[in-house]
Amino acid sequence: MTLDKTIVDLVGFAAIGIIIWYFWLSARRGTMAALTHGVQGALIVVKGGYTPDTIVVRRGKPVRLVFRREESASCSERVVIPGFNRSALLPEGEEVPVEFLPTAPGEFPFSCQMGMLRGRIVVE
Ligand SMILES: [Cu+2]
């Protein structure tokens, strides 16, 4: 094996590694809530699951998650966030805001009322 080919291989492996690392990390870290007028917001589409299903927020600033349910399956008609004592009915096609104040870091799951669809809020 010539040196040129070795370098090409190494660069190739490095690129693959970076791509895997990037996607793995971004999938793990989730979607960062956007800060607007002091409120951290994110839109979550409800359709066979939650998209995005991981929302990253910072503690100490109010959070406003807007759920938009794009299906009629009764499974997803209510979302519950036990860690913040919130629950909301999600009429099909409507944008329903759910607000809370995260005060401590941690991971807080949310789900449909039967716990079949799942997501999580990561407080940093
Ligand atoms: Cu369900």
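Read on for an overview of the structure. This is a predicted model, so every value here is computed, not measured.

**Some details on the overall build of the protein chain**
Of regular secondary structure, the protein chain possesses one helix and 11 strands. Each helix and strand of the protein chain, ordered N terminal to C terminal, gives the series α-β-β-β-β-β-β-β-β-β-β-β. Sequence-distant contacts in the protein chain: of pairs separated by 6 or more residues, those separated by 24 or more amount to 56%. About 7700 Å² of surface is accessible on the protein chain, with carbon and sulfur atoms providing 60% of the total.

**Observations regarding the coordination of the copper ion**
Only Cys75 (SG), Cys112 (SG) and Met114 (SD) from the protein coordinate the copper ion, and they sit 2.1 to 2.8 Å from it. One chain supplies every donor to the copper ion, and in sequence these donors are spaced C-x36-C-x1-M. For methionine 114, a relative accessible area of 45% translates into the label partly exposed.

**Overview of the nonpolar core**
General note: in soluble globular proteins, nonpolar side chains tend to be found buried as a group. Among the nonpolar cores identified, the biggest contains 25 residues, and Tyr50, Ile55, Leu65, Phe67, Ile81, Phe110 and Ile121 are the most heavily contacted of them. Listing elements by their share of this core, those giving two or more residues are β3 (39-46), β5 (54-57), β6 (63-69), β7 (78-81), β9 (95-100), β10 (106-112) and β11 (118-123).

**Digging into the sheet that holds β5**
Ordered by their spatial adjacency, six strands build an open sheet running β1-β5-β11-β10-β7-β8, and the pairing between neighbours is mixed. One side of each edge strand has no neighbouring strand; the edge strands of this open sheet are β1 (31-32) and β8 (86-89). In the sheet, β7 pairs with β8 via four bridges, with the strands oriented antiparallel. In the sheet register, valine 79 faces β8, and the bridge partner there is alanine 88.

**Comments concerning the pattern of salt bridges**
The final tally for this structure, using the stated rule, is four salt bridges. Among the ionic pairs, arginine 64 bridges to glutamate 99, the shortest N-O distance being 2.8 Å. Remark: glutamate 99 occurs in strand β9 and arginine 64 occurs in strand β6; sequence separation between them is 35 residues. The salt bridge partner of glutamate 107 is arginine 120, with a shortest N-O separation of 2.8 Å. Here the residue glutamate 107 occupies a position in strand β10, and arginine 120 occupies one in strand β11, the gap between them amounting to 13 residues.

**A word on the packing of aromatic side chains**
On inspection of all chains with the given rule, the structure shows five aromatic pairs. The interplanar angle of 65 degrees and the centroid separation of 5.0 Å between the aromatic rings of tyrosine 50 and phenylalanine 110 together place this pair among those described as edge-to-face. Here tyrosine 50, found in strand β4 (residues 50-51), pairs with phenylalanine 110, found in strand β10; they are 60 residues apart in sequence, far enough to count as distant. Like tyrosine 50, the residue phenylalanine 110 is buried in the burial classification.

**Focus on the pairing of β11**
Where β5 meets β11, four bridges bridge the pair, whose relative direction is parallel. The partner of valine 57 across the bridge, within β11, is valine 123. Relative to β11, β10 runs antiparallel, the two sharing six bridges. Along β11, the bridge assignment pairs phenylalanine 110 with glycine 119. With antiparallel pairing between neighbouring strands as the criterion, β10 and β11 make up a hairpin whose turn holds five residues, including glycine 115 at a positive phi of roughly 80 degrees.

Conventions and cut-offs
- Residues numbered from 1 in each chain as written.
- Predicted model: local features only at pLDDT ≥ 70, side-chain atom pairs only at ≥ 80, totals over all residues.
- Heavy atoms only, no water.
- Helix = DSSP H or I, 4+ residues; strand = E, 2+ residues; numbered from the N terminus.
- Contact = heavy atoms within 4.5 Å.
- Areas by Shrake-Rupley, 256 points an atom, 1.4 Å probe, with all protein chains shown as cover.
- Donors = N, O, S within 2.8 Å, 3.2 Å for Na, K, Ca; no water.
- Buried < 20%, exposed > 50% of the residue type's maximum accessible area, 1.4 Å probe, protein only.
- Core = buried A, V, L, I, M, F, W, Y, C linked by side-chain atoms within 4.5 Å.
- Pairing = 2+ DSSP bridges.
- Salt bridge = Lys/Arg side-chain N within 4 Å of Asp/Glu carboxyl O.
- Phe/Tyr/Trp six-rings, centres within 6.5 Å; stacked < 30°, edge-to-face > 60°.

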